[in-house]
Amino acid sequence: MNNNNSNEYNRLLFEDNISIVFIIVSLINIKANNIIEDAILTNDNGKYQKALTLYKINIIITILVYIYFIIRNVYFYNQAIENNEDPTFEKIRVIGSVLILIGTLLLAYTLFNDDNEQGEVEI
């Protein structure tokens, strides 16, 4: 396996791990949502705070993952330009990744500044 194939293989293995992180984050979001449901039934404000803490941890993890994808997509975009290829699709991926990150940052802003979260934080 040449160096380029080895790098691609390692990147794909790393991204498999990112997929596992997304699964774990999703399961934690489900758990936080269940805590919110229980807080509604028991009128226990402490449970709301526990769920909000889980949501905040998840949003930070998600932001870090999205930053990785932006860096990766910018790398692919630059590679396409260096190889004199049409970078249109790579540019679209970069723009999409940036927009997803912006949306997640806005969600994080509301989560960290509003303690009255209503339901699951979609990431």
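Report follows, based on the coordinates. (Residues numbered from 1 in each chain as written. Predicted model: local features only at pLDDT ≥ 70, side-chain atom pairs only at ≥ 80, totals over all residues. Heavy atoms only, no water.)

Our focus in this paragraph is the overall build of the chain. Secondary structure assignment for the chain yields 3 helices and 0 strands. Its helices and strands in sequence order give the chain the pattern α-α-α, from N to C terminus. The C-alpha radius of gyration computed for the chain amounts to 19 Å, which surpasses the reference 14 Å derived for 123 residues by more than 25%, pointing to a less compact arrangement than a globule. Each principal axis of the C-alpha distribution contributes one length, and for the chain these read about 60 × 30 × 15 Å. Counting only residues that meet the buried cut, the chain has 28% of its 123 residues in that class. Sequence separation of 24 or more characterises 65% of the internal contacts of the chain that already satisfy a separation of 6 or more. Carbon and sulfur atoms make up 60% of the accessible area of the chain, which totals about 8300 Å². Where the 8 positive side-chain charges of the chain centre and where its 15 negative ones centre are 4 Å apart. (Helix = DSSP H or I, 4+ residues; strand = E, 2+ residues; numbered from the N terminus. Rg over C-alpha atoms; globule rule 2.2 N^0.38 Å. Buried < 20%, exposed > 50% of the residue type's maximum accessible area, 1.4 Å probe, protein only. Contact = heavy atoms within 4.5 Å. Areas by Shrake-Rupley, 256 points an atom, 1.4 Å probe, with all protein chains shown as cover. Lys, Arg positive; Asp, Glu negative; His and termini not counted. Charge placed at Lys NZ, Arg CZ, Asp CG, Glu CD.)

Another point: helix 2 (residues 45–82). Here helix 2 is 38 residues long and its end C-alpha atoms lie 56 Å apart, about the 56 Å a rise of 1.5 Å per residue gives. A distance of 3.0 Å separates the backbone nitrogen of glycine 46 from a side-chain oxygen at the start of helix 2, and that oxygen is part of aspartate 44. (Expected span 1.5 Å × (residues − 1). Polar contact = N/O pair within 3.5 Å; in protein donor to acceptor, adjacent residues only side chain to side chain.)

Here we take up the nonpolar core. Counting residues in hydrophobic clusters, the biggest one holds 16 residues, and the most contacted among them are Ala51, Tyr55, Ile59, Ile63, Phe69, Leu101 and Leu111. If you list the elements that add at least two residues to this core, you get helix 1 (3–42), helix 2 and helix 3 (88–113). The element contributing the most residues to this core is helix 2, with 9 residues. Setting aside its immediate chain neighbours within four residues, alanine 51 contacts Ala32, Ile35 and Ile36. (Core = buried A, V, L, I, M, F, W, Y, C linked by side-chain atoms within 4.5 Å.)

This part is about the packing of aromatic side chains. What the rule picks out here adds up to 4 aromatic pairs. Ring geometry for phenylalanine 14 against tyrosine 68: centres 5.0 Å apart, planes inclined by 65 degrees, an arrangement best described as edge-to-face. On the criterion of sequence distance, the pair formed by phenylalanine 14 in helix 1 and tyrosine 68 in helix 2 is long-range, its members being 54 residues apart. For phenylalanine 14, a relative accessible area of 42% corresponds to the partly exposed category. Feature note: the residues Phe14, Tyr68 and Phe69 constitute an aromatic cluster, connected by ring pairs. (Phe/Tyr/Trp six-rings, centres within 6.5 Å; stacked < 30°, edge-to-face > 60°.)

The next subject is the side chain of serine 97. Considering the arrangement of structural elements, one finds serine 97 in helix 3. With a relative accessible area of 11%, serine 97 lands in the buried category. A polar atom in the side chain of serine 97 sits 2.8 Å from the backbone oxygen of arginine 93. For serine 97, the contacting residues outside a window of four places in its chain are Phe69, Ile70 and Asn73.

Look at helix 1 against helix 2: their axes get within 9 Å of each other, and the N-to-C directions meet at 155 degrees. In terms of orientation, helix 1 and helix 2 fall into the roughly antiparallel class. Viewed along their axes, helix 1 and helix 2 form a crossing whose handedness is left-handed. Of the residues in the contact of helix 1 with helix 2, the class split is 21 nonpolar, 5 polar and 7 charged. (Axes fitted to C-alpha atoms, helices over the stretch in contact; angles between N-to-C directions. Parallel < 35°, antiparallel > 145°, perpendicular 65-115°, else oblique. Left-handed = near helix turned anticlockwise from the far one by under 90°. Nonpolar A, V, L, I, M, F, W, Y, C, P; charged D, E, K, R; others polar.)

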